[in-house]
Amino acid sequence: MHELGVTFHIMDHLEKVAADNEVTKIHRVTLELGEVSTVIEPYLQSCWKWAAAKRPLFMDSELIVETLPAVTFCEGCEKTYPTVEYGKVCPHCGSEETYLLQGNEFNIKEIEVE
Amino acid sequence: MESESGCEMGDIRVLEIKESVFADNDKRAEELRAELKEKGVFLLNLMSSPGSGKTTTLLRTIEALKDEFKIGVMEADIDSDVDARVIAESGVKSIQLHTGGMCHLDAEMTRQGVEGLEVGDVELAILENVGNLVCPAEFDTGASKNAMILSVPEGHDKPLKYPLMFQICDVVLINKIDVLPYFDFDMELVEQYVHKRNPDARVIPICAKTGEGIDVWAQWLRNEIANWRG
């Protein structure tokens, strides 16, 4: 939903990182995106392309997105299960007392620079 | 990069960042929260979907509290100053923030808004966030408390569809209760759904149009401001 907004956030942040590390060009940016974060990868890629063309530091840079699987923990039976497939209800015991263990991450992992 | 090692591209290096995209905003939000605390400005972040009655609720809130607190309002919109003008007519200080197409306000934009309000003489600053249930939930504005409005025509299943929004809110106002007879809106169920996401959230039914429930909401705000002041 807010892919353009987060693209600007990432680029603003990396511009600071670049200034601190005497980086003149960013070639590749690797992100970690949880399966159930609110960001949709294809939209993010098009926003990235659009915004990168307007900022010299990011011109022609490549965006790599690594997906992190979403895992939910069940308080009822203390087992975990894949969130996307089963949602809120535990497939092992049917309990609704569950919470997300991982899968809503949105991290900048690393950048390749010169 | 093994194929390129030793050639003219040898200067390429990898910097590990390992940081959440939201980390920078979270840090700025914490800083702003601390600064406002020091200045004695209680910042309320008001969120909802478009058309839920944010501006009307705000006018009622101002009416109820303007003799007790010096109020300032920041209206965030993608464009236009329609809301800011309406608020200005109520006699409180009001400024319009344009997000320039962005779907939410972040801590930095909020800071600019607060500076625009010249907080020196404001005790209660209210931020009317962009009408949207997704993005504003992810960007901490630095507010002391988060409130959201869910109006009856939107349906009681919204807490299931927008879990994060309900998780981060301290209070949920159920607005437009005057039209309850015409909608299949289950008040008990909505409370259950909200509390499933956030057991501490207070749910207050109101009607901004008639003023019903506004006294309960105003009292909640009074208490929160008093607790926050310590």
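Residues numbered from 1 in each chain as written. Chains lettered and ligands numbered in written order. Predicted model: local features only at pLDDT ≥ 70, side-chain atom pairs only at ≥ 80, totals over all residues. Heavy atoms only, no water.

## Examining the overall build of chain A
- Check the secondary structure of chain A and you find three helices and six strands.
- In sequence order, chain A lays out its α and β elements as α-β-α-β-β-β-α-β-β.
- For chain A, the C-alpha radius of gyration of 18 Å lies well beyond 13 Å, the compact-globule estimate for 114 residues.
- Taken over the C-alpha atoms alone, chain A extends approximately 55 × 25 × 15 Å along its principal axes.
- Out of the 114 residues in chain A, the part that is buried amounts to 44%.
- When contacts within chain A are restricted to residue pairs at least 6 apart in sequence, those whose partners lie at least 24 apart make up 71%. (Helix = DSSP H or I, 4+ residues; strand = E, 2+ residues; numbered from the N terminus. Rg over C-alpha atoms; globule rule 2.2 N^0.38 Å. Buried < 20%, exposed > 50% of the residue type's maximum accessible area, 1.4 Å probe, protein only. Contact = heavy atoms within 4.5 Å.)

## Describing the pairing of strand β3 (residues 71–74) of chain A
Residue and element names in this part refer to chain A.
- As judged from the three bridges shared by β3 and strand β4 (residues 80–82), these two strands associate in the antiparallel manner. Note on β4: the bridge partner recorded for Thr72 is Tyr81.
- The antiparallel hairpin formed by β3 and β4 contains five residues in its connecting segment, where Glu78 sits at a positive phi of about 60°. (Pairing = 2+ DSSP bridges.)

## What to know about the packing of aromatic side chains
Residue and element names in this part refer to chain A.
- Under the defined criterion, the tally for this structure stands at eight aromatic pairs over all chains.
- Both rings, one in Phe8 and one in Trp50, keep their centres 6.5 Å apart while their planes meet at 50°; by these two values the pair is tilted. With a gap of 42 residues between them, Phe8 in helix α1 (residues 3–20) and Trp50 in helix α2 (residues 41–52) connect regions that are remote in the sequence.
- Given a relative accessible area of 22%, Phe8 falls into the partly exposed group.
- A relative accessible area of 46% means that Trp50 is categorised as partly exposed. (Phe/Tyr/Trp six-rings, centres within 6.5 Å; stacked < 30°, edge-to-face > 60°.)

## What to know about the pattern of salt bridges
- Applying the stated criterion across every chain, the model contains 19 salt bridges over all chains.
- Across the salt bridge formed by A:Arg28 and A:Glu112, the nearest N and O atoms sit 3.9 Å from each other. Pair noted here: A:Arg28 is in strand β1 (residues 26–34) and A:Glu112 is in strand β6 (residues 106–113), with a separation of 84 residues, a long-range link.
- The partly exposed category is assigned to A:Arg28, whose relative accessible area is 31%.
- Of the charged contacts, one joins B:Asp121 and B:Lys93 as a salt bridge, the two residues approaching to 3.8 Å between their closest N and O atoms. Within this pair, whereas B:Asp121 is found in the loop between α4 (107–117) and β5 (124–128), its partner B:Lys93 is found in strand β4 (residues 93–98), the two being separated by 28 residues in sequence.
- Note on B:Asp121: relative accessible area 40%, which makes it partly exposed. (Salt bridge = Lys/Arg side-chain N within 4 Å of Asp/Glu carboxyl O.)

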